[in-house]
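Read off the chains here:
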Amino acid sequence: MKKELLFLYPYKFTDFEYFKLEIEKYKKLNYKVLINDLSEIIASKSLNKAWKSKRSKAAIAQNSILHFYNFLKKKKKNLVIINLMQNHYNFKSFLILIIIKLLRIKQLFIFDDPPPYISQKKVSRFKWIKSKLKEHKLNYKLYFFYLNFFIFKFLIKLIKNKDEIIFSNQKLNKTDTKLINFFDYSNCLEPSDIKPSYKNYCLYLDNGGPYFRGDTDVKNNYLPNHNIRKIYGDIIEFLKKIESDFKCKVIIIPHPKYKASKKNFSFNPYFKEFIIDNRPNALNILSKKTKFFLAKGTTAFSYAVVNNKPIVNIFSSDHEYESEEIMTILDYAKIIGNTAYNIKNYSKKSFSKKLTVSRSAYKKVIFTYLSHKNTLYTPNYKLISNHIEKISI
């Protein structure tokens, strides 16, 4: 009998995740696939409210631990759990893992780790706490988040079995990690047959902020006092100059949290003058033919790397940034062998110099963060399903 697969996802499971995790490919291998959206149980109300994209019709969402337990108890026969609760540590995620352990259901853990911040050196726990105090002052909600996080991270480690199977795009310390690809890279291995309906375009990979607060509502970070109108006024002015100077249309690719179900509609009203592509697989369709990418620090830069396209990470010296946001912009530019571009000083000549591809840097990114010698040409669903077939239940 073919095993049933249950994907456990800690946040709202949208059509983007359905595409990214290659769910349809498992179905074509004749697996019965169930998707459990745990956002109503373990994510905060503020984060669920901030997540504008609609839940996929393929996902089931229980609203209590008891409902989850009853569901799992009925389905446990011939079931393999694919656990995607990566680094999500709190009381309810702890209870979920205990339930799985008590019901003796086999599970695989999947980690999809983004490239690290290369400018952030490893520091002692004391120095880390000191830096947080300096940045966030007496923001007790933030410290409670981290205290809760580390307590349940410790407890979850205690209840994990030594023989648990972990898949990751990075070799994890002290574990027998089974290597897979970074999921964006894996998605690129089987390009879409759909041809782009646009010609002469570039792609702007929007990260959602500062119009949307995003993950800051989870950690309760203090944010700079953003002048939203000025920030987006500057970005839009820059994008229009790009369209004019490079004779191309700028297509906005919204962050997965903020993809509307309507065609060419943006939850962010500042982008109403541009083409918006909300398709879950938009990057898979458009990356090969784009002139270049624009971004504010995003792991989706892997689409530029795989398709050998220039990507320019932008910022403005006129804008304030939360420390992690500006670090992402600057570091992800360095990783691909470039430097971030200050749009305040825009000129066609200076920007054109950024439209380069460092083949050595791109190759290093692929083999350091995105893939490995033995997984280079194999998408994740094949790597993972090959192992699932070996599991005895």
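Here the structure is shown first, and the text comes after it.
Residues numbered from 1 in each chain as written. Predicted model: local features only at pLDDT ≥ 70, side-chain atom pairs only at ≥ 80, totals over all residues. Heavy atoms only, no water.

*Asks:* So what's going on with the overall build of the protein? Residues and values would help.
*Replies:* In terms of regular secondary structure, the protein is built from 17 helices and 13 strands. The long-range share in the protein, meaning contacts at least 24 apart out of those at least 6 apart in sequence, stands at 77%. As presented, the protein carries roughly 20700 Å² of accessible surface, and 54% of it is formed by carbon and sulfur atoms. (Helix = DSSP H or I, 4+ residues; strand = E, 2+ residues; numbered from the N terminus. Contact = heavy atoms within 4.5 Å. Areas by Shrake-Rupley, 256 points an atom, 1.4 Å probe, with all protein chains shown as cover.)

*Asks:* Tell me about the side chain of N207, and name the residues and values.
*Replies:* Along the chain, the position of N207 falls in the loop between β8 (201–205) and α10 (216–219). In terms of polar contacts, N207 uses its side chain to reach the backbone amide nitrogen of G209, at 3.2 Å. Excluding anything up to four places from it in sequence, N207 contacts H255, Y258, K296, G297 and E325. (Polar contact = N/O pair within 3.5 Å; in protein donor to acceptor, adjacent residues only side chain to side chain.)

*Asks:* Lay out the sheet that holds strand β2 (residues 32–37) with the relevant residues and their values.
*Replies:* Read from one edge to the other, the open sheet built from 7 strands follows the order β3-β2-β1-β4-β5-β6-β7, with strand pairing classed as parallel. Two strands close off the open sheet at either side, each with one partner strand: β3 (59–60) and β7 (177–179). Where strand β5 (residues 106–111) lies against strand β6 (residues 165–168), 4 bridges are found, and the strand directions are parallel. Residue pairing for β6: F111 is matched across the bridge by S168. Sheet strands touched by helix α5 (residues 65–75): β1 (4–9), β2, β3 and β4 (79–83). Its angle to β2, the strand with the most contacts, is close to 170 degrees. (Pairing = 2+ DSSP bridges. Axes fitted to C-alpha atoms, helices over the stretch in contact; angles between N-to-C directions.)

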